[in-house]
Amino acid sequence: MNAAMLTPPLGLLAWLGLAAWLAAGLHDIATLAELAVAFIAVVVVPLLLPMTVSVAVPSDRSPRTSTNVPGDMSPGTEATVPRWLAAGHALGALGVLLGAAALPTGGAASLALAGLWLGFTGLAALHALARLRRRGLRQLPELAIDLGLLFLPGAGLWLLVYRGELVLGGFGGLAAVLTAGHFHAAGFGVLVMTGLLGRGLAEAGMPRARKLYTFVAPALMLAFPLLAAGIASASRPLELAGAVLYAFALPLLAGLQLGVAARLRGRPLAPRLLLAASALAVLVATGFALRFATQGFYGAAVELSTMLRYHALVNAVGFLGLGLLAWSLLRPRAGYVAGS
């Protein structure tokens, strides 16, 4: 068992410890948001990283040939995360945990710990650029994963703004940590799940579902940039366009994910059930997001603290956590080239 396989369970234990340590403050909105970000940092990201590394496995055509399969863990193969990326993640995750657990916002120490995570997100973006350079813009699922990794530096920057009590573009404090949460989940998280779904659809067959995927994936690639640009520029039409794309595409993504879970009958039952639970979680979280979005028209439908519990944490732990665990167990079989 390599270090990449041990990191997610150790991260989960550390996150549970953080949640217990912060239990008295879980009524606080900023604490809830930081807890959701920490889960993505210490559990979700290490689940994903081995699935972004190409591994040579035997091809179906000839035992003497091989094909590079991103993240394949078929018997006899091993996805080794580059040492520089693994070390960067270890330092960054430690910074997130220590910052959230031990230090109030503001001050040089809090800023430095947040800087460790920002440093890792920069390394993750370099990893995405290297993947893009090798592959180009082919393979829609891999492009979604790369774009998700490229959103991580924005996530790290906004966490730094919050932990350092800084102001960026007129946003700081609670707005900064909520923005960091959205970059981690709606930007990075949704897109990597979109990419992994594309891999699963390719293995499961499902030609009609794959045609639908060619519309769902680009919609989700556009949704977060539109939403972020609309909020940053105070442009309600842009913000609304991004929100509408999410409202349209996320339920479709959940439906496709349920379809893959049902179709992969030759695979173990447990990860398929996890995949189905992940799809149901995103439906719940999206439902709360839609209710919250109607507040501008129908009054206060959902309190922000409720949104953090049933939208942010359900997205982080349910949709991303269970989903990434399922995909890490449902690796592509040898001979399958992701996104083909």
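Conventions and cut-offs
- The residue numbering used here restarts from 1 in each chain and proceeds along that chain's sequence as written.
- With the structure being a predicted model, the display of local features is reserved for residues of pLDDT at least 70 and the display and counting of side-chain atom pairs for 80 or more, all residues being used for whole-chain, interface and lining totals.
- Working from all heavy atoms in the structure, the side-chain values ignore hydrogens and water.
- Values of pLDDT, which run from 0 to 100, indicate the predictor's confidence residue by residue.
- Only DSSP runs of H or I reaching four residues or more are called helices, and only runs of E reaching two or more are called strands; each is numbered from the N terminus.
- Here, residues are in contact when the closest pair of their heavy atoms is within 4.5 Å.
- Here the expected length of a helix is defined as 1.5 Å per residue gap, with one fewer gap than residues.
- Within this document, salt bridges are pairs made up of a side-chain nitrogen of Lys or Arg and a carboxyl oxygen of Asp or Glu, the two lying within 4 Å of each other.
- Only protein chains enter the accessibility calculation, which uses a 1.4 Å probe. A residue is then buried if its area is under 20% of the maximum for its type, exposed if over 50%, and partly exposed in between.
- To pair, rings of Phe, Tyr and Trp, with the six-membered ring standing in for Trp, must have centres within 6.5 Å; the planes then decide the type, stacked if under 30 degrees apart, edge-to-face if over 60, and tilted in the middle.

## Here's the deal with the confidence of the model for the chain
Alright, step 1. Of all residues in the chain, 86% attain a pLDDT of 70 or more, and the chain-wide mean is 85.
Alright, step 2. Of all secondary-structure elements in the chain, the lowest mean pLDDT belongs to strand 2 (residues 66-70), at 45, while helix 5 (residues 140-163) reaches the highest, 96.
Alright, step 3. When the criterion is pLDDT under 50, residues 71-77 qualifies, and its contacts beyond four places in sequence or with other chains add up to 24 contacts.
Alright, step 4. Across residues 333-340, confidence stays below pLDDT 50; counting only partners more than four residues off in sequence or on other chains, it has 30 contacts.

## Some words on helix 4 (residues 108-135)
Alright, step 1. Counted at 1.5 Å a residue, the expected span for helix 4 with its 28 residues is 40 Å, and the 41 Å between its end C-alpha atoms agrees.
Alright, step 2. One or two steps after helix 4, the chain reaches Gly136, where phi turns positive at roughly 75 degrees.

## Section: the pattern of salt bridges
Alright, step 1. A full pass over the atoms with the stated rule returns six salt bridges.
Alright, step 2. Here Arg131 ties to Glu142 by a salt bridge, and the two come within 2.9 Å at their closest N and O atoms. With a gap of 11 residues between them, Arg131 in helix 4 and Glu142 in helix 5 connect regions that are remote in the sequence.
Alright, step 3. Of the residues examined, Arg131 reaches a relative accessible area of 4% and is grouped as buried.
Alright, step 4. With a closest N to O distance of 2.8 Å, Glu142 and Arg199 form a salt bridge.

## Looking at unusual backbone geometry
Alright, step 1. One non-glycine residue, Gln139, adopts positive backbone phi at about 65 degrees.
Alright, step 2. The topology assignment puts Gln139 in the loop between helix 4 and helix 5.
Alright, step 3. Residue class for Gln139 comes out partly exposed when judged on its relative accessible area of 23%.
Alright, step 4. One non-glycine residue with positive phi stands out, namely Glu165, at about 55 degrees.
Alright, step 5. Turning to its location among the elements, Glu165 is positioned in the loop between helix 5 and strand 3 (167-168).
Alright, step 6. A residue is classified by how much of its surface remains accessible, and Glu165, at 53% relative accessible area, is exposed.

## Focus on the packing of aromatic side chains
Alright, step 1. This model, assessed by the stated rule, comprises five aromatic pairs.
Alright, step 2. Here Trp117 and Phe120 contribute two aromatic rings whose centre-to-centre distance is 5.0 Å and whose plane-to-plane angle is 35 degrees, an arrangement assigned as tilted. Residue Trp117 and its partner Phe120 are both found in helix 4; the two are separated by three residues, about one turn of the helix. In this pair, the class of Trp117 matches that of Phe120, namely buried.

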